[in-house]
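What the coordinates show
Each chain is listed here by its residues.
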There are 2 protein chains.
Amino acid sequence: MSTKITLPEAAEKPLDERVRRSRYAVLGATAELLVERGLGGASVDEIVRRSGVAKTTIYRHWSTREDLLRDACRTLSTPLDTPDSGSLEGDLMVLMVRLARLLKSARWPSVLPSIVDAGERDANVAAMQAQHQAGYSEPLAAVIRRAMTRGELPKDTDAAVLVAMLTGALFYRRWFSREPVTDAFAKQVVRRALRSN
Amino acid sequence: MSTKITLPEAAEKPLDERVRRSRYAVLGATAELLVERGLGGASVDEIVRRSGVAKTTIYRHWSTREDLLRDACRTLSTPLDTPDSGSLEGDLMVLMVRLARLLKSARWPSVLPSIVDAGERDANVAAMQAQHQAGYSEPLAAVIRRAMTRGELPKDTDAAVLVAMLTGALFYRRWFSREPVTDAFAKQVVRRALRSN
DNA sequence: ACGATACGATACGGTACCGTACCGTAGCTA
DNA sequence: TAGCTACGGTACGGTACCGTATCGTATCGT
């Protein structure tokens, strides 16, 4: 009857040390493999080799390979918080430069194409990925909305269009044209997006 | 000594009818599979099943699976020509709407994520893909350059930035945010990109 | 009509992969 | 310290895949 946490059973158990170790090693190795070789390269046998954990044990913790990959993916994303520099241009500069750097260095971007590809033919993956993507576009949308209430942007501005142009420009360079994504480029995009608004 | 065509041996031979049929069937089935299931789904065995051509025969014409996939990919792209409506906005509207429709209907976009993913870990694929991508961005760049000589855009405009924002906005919606890519959206992007220039 | 050549069918070797069964052993917690 | 529980190793069944070998047959061009 304790009304502590009626949500899921978050951290209920003390948790056997061996379990903790195994899970940690497996998730770590899986994340590495995802980054290096994408979804297709993260085979269970390879995870066994790299983590040093027996296949039997892996299947004691995750009932299927996909379960494991899902869990491992969650460890890869880098959250993006919402700045408040006082001006729209300032906020966008910060966010876009941060995004540009994430695209060059972070682990998630190197897995993303696999996910997008899988999503092309699997609605569950697509939904999960779109939701994850929203985590990155939301800060941009937030500073844009704030600028609208401030009067920095016209009230009828379509935030989604602006977000697509900003984020899209970076993504386009990273994966499609394969040109470098520099800080300077990110800043140019912001300046052009804000011309006379 | 006939100076007809000194280039490669384009269409030199009469070509056995059986060969023509086999190649045609195999390339067709492969293209279908690429569109439906991506690179990974186009296995040789499946191509055999769908084309009705024996595996032996396939390997008589292509020495490896990758050779075959390369050939099949070439049949999938839809060329984009350069319009001349008289104004930059008109040209961009035409191009962007055309691109938006291609993204919804054409065959190539459904294979592209596979290619991008492969390119992430294979420089050859990456180069091929970037070159292919240039085929789509070049018309945009062309009308932009023309507008600069006309004085519709300042001389110091960076065409690459503009191209990335325009194309990127569409691609972003198609693959990352997974929101619809409508004609109206494409037009909004163009209008916003040209604000006060 | 005939000879060269392309074809189909089948079988195979080798690899990689997923997931399970079994069994003996190590390590944690109480 | 005693017993529960997680672990490692191996072996396995089943599938999918690539590419080759072999051999008899059909079809094309001349």
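Just so it is clear, the structure is predicted and the values come from calculations on it, not from any experiment. (Residues numbered from 1 in each chain as written. Chains lettered and ligands numbered in written order. Predicted model: local features only at pLDDT ≥ 70, side-chain atom pairs only at ≥ 80, totals over all residues. Heavy atoms only, no water.)

A short note on the relation of the copies chain B and chain A
Expressed as a screw transformation, the operator carrying chain B onto chain A has a rotation angle of 180 degrees and an axial translation of 0.0 Å, and the superposed copies differ by an RMSD of 0.0 Å. Both copies of the chain, as the preceding transformation shows, are related through a two-fold rotation axis. No C-alpha of chain B approaches the rotation axis more nearly than that of glycine 168 of chain B, which lies at 2.0 Å. Mapped onto chain A, 100% of the interface residues of chain B again fall at the interface, so both copies present the same surface. (Least-squares fit on C-alpha atoms with pLDDT ≥ 70 in both. Contact = heavy atoms within 4.5 Å.)

A look at the nonpolar core
Ranked by internal contacts, the top residues of the largest apolar core, which has 122 residues, are Ile144, Leu166 and Leu170 of chain A together with Ile144, Leu166 and Leu170 of chain B. Residues contacting leucine 170 of chain B, with those up to four places away along its chain left out, are Met96, Leu99, Ala100, Leu103, Val181, Phe185 and Ala186 of chain B. (Core = buried A, V, L, I, M, F, W, Y, C linked by side-chain atoms within 4.5 Å. Buried < 20%, exposed > 50% of the residue type's maximum accessible area, 1.4 Å probe, protein only.)

Some details on the protein's contact with DNA strand C
Around DNA strand C, a shell composed of 24 residues is seen, among which Val44 and Arg65 of chain A together with Ser22, Thr56 and Thr57 of chain B lie nearest. Backbone atoms, meaning sugar plus phosphate, form 56% of the atoms of DNA strand C positioned within 4 Å of the protein. The contact in question runs from a phosphate oxygen of DNA strand C to an N or O atom on the backbone of valine 44 of chain A, over 2.7 Å. The separation between a base nitrogen of DNA strand C and a polar side-chain atom of threonine 56 of chain B is 2.9 Å. If you list the elements that add at least two residues to the surface near DNA strand C, you get helix H1 (17-41), helix H2 (44-51) and helix H3 (55-61) of chain A together with helix H1 (17-41) and helix H3 (55-61) of chain B. (Near = heavy atom within 4 Å. Polar contact = N/O pair within 3.5 Å; in protein donor to acceptor, adjacent residues only side chain to side chain. Helix = DSSP H or I, 4+ residues; strand = E, 2+ residues; numbered from the N terminus.)

Digging into the packing of helix H7 (residues 123-150) of chain A against helix H8 (residues 159-176) of chain B
The geometry of H7 of chain A relative to H8 of chain B is characterised by a closest axis approach of 10 Å and an angle of 135 degrees between their N-to-C directions. As judged from the angle between their axes, H7 of chain A and H8 of chain B are oblique. Residue-level inspection shows Gln129, Ala130, Gln133 and Ser137 of chain A of H7 of chain A in contact with H8 of chain B, the latter providing Tyr172, Trp175 and Phe176 of chain B. Of the residues assigned to the contact of H7 of chain A with H8 of chain B, the class counts are 4 nonpolar, 3 polar and no charged. (Axes fitted to C-alpha atoms, helices over the stretch in contact; angles between N-to-C directions. Parallel < 35°, antiparallel > 145°, perpendicular 65-115°, else oblique. Nonpolar A, V, L, I, M, F, W, Y, C, P; charged D, E, K, R; others polar.)

Concerning the domain arrangement of chain A
When the parts come together, some accessible area is lost, and that loss is often what is quoted as the size of the interface. All names here are of chain A. Once the domains are mapped, chain A shows domain 1 (17-74) and domain 2 (88-194). One C-alpha centre belongs to domain 1, the other to domain 2; they are set 30 Å apart. Opposite the 6 residues of domain 1 that make contact, domain 2 presents 8 residues. Between domain 1 and domain 2, roughly 590 Å² of surface is buried when both sides are summed, and carbon and sulfur atoms account for 77% of that area. (Domains from an automatic or database assignment. Buried area = accessible area lost by both parts, 1.4 Å probe.)

Overview of the confidence of the model for chain A
Considering every residue of chain A, the mean pLDDT works out to 92; 92% of them sit at 70 or more. Contacts of residues 1-11 of chain A to residues separated by more than four positions or lying in other chains number 0 contacts, the stretch itself having pLDDT below 50. (pLDDT = per-residue confidence, 0-100.)

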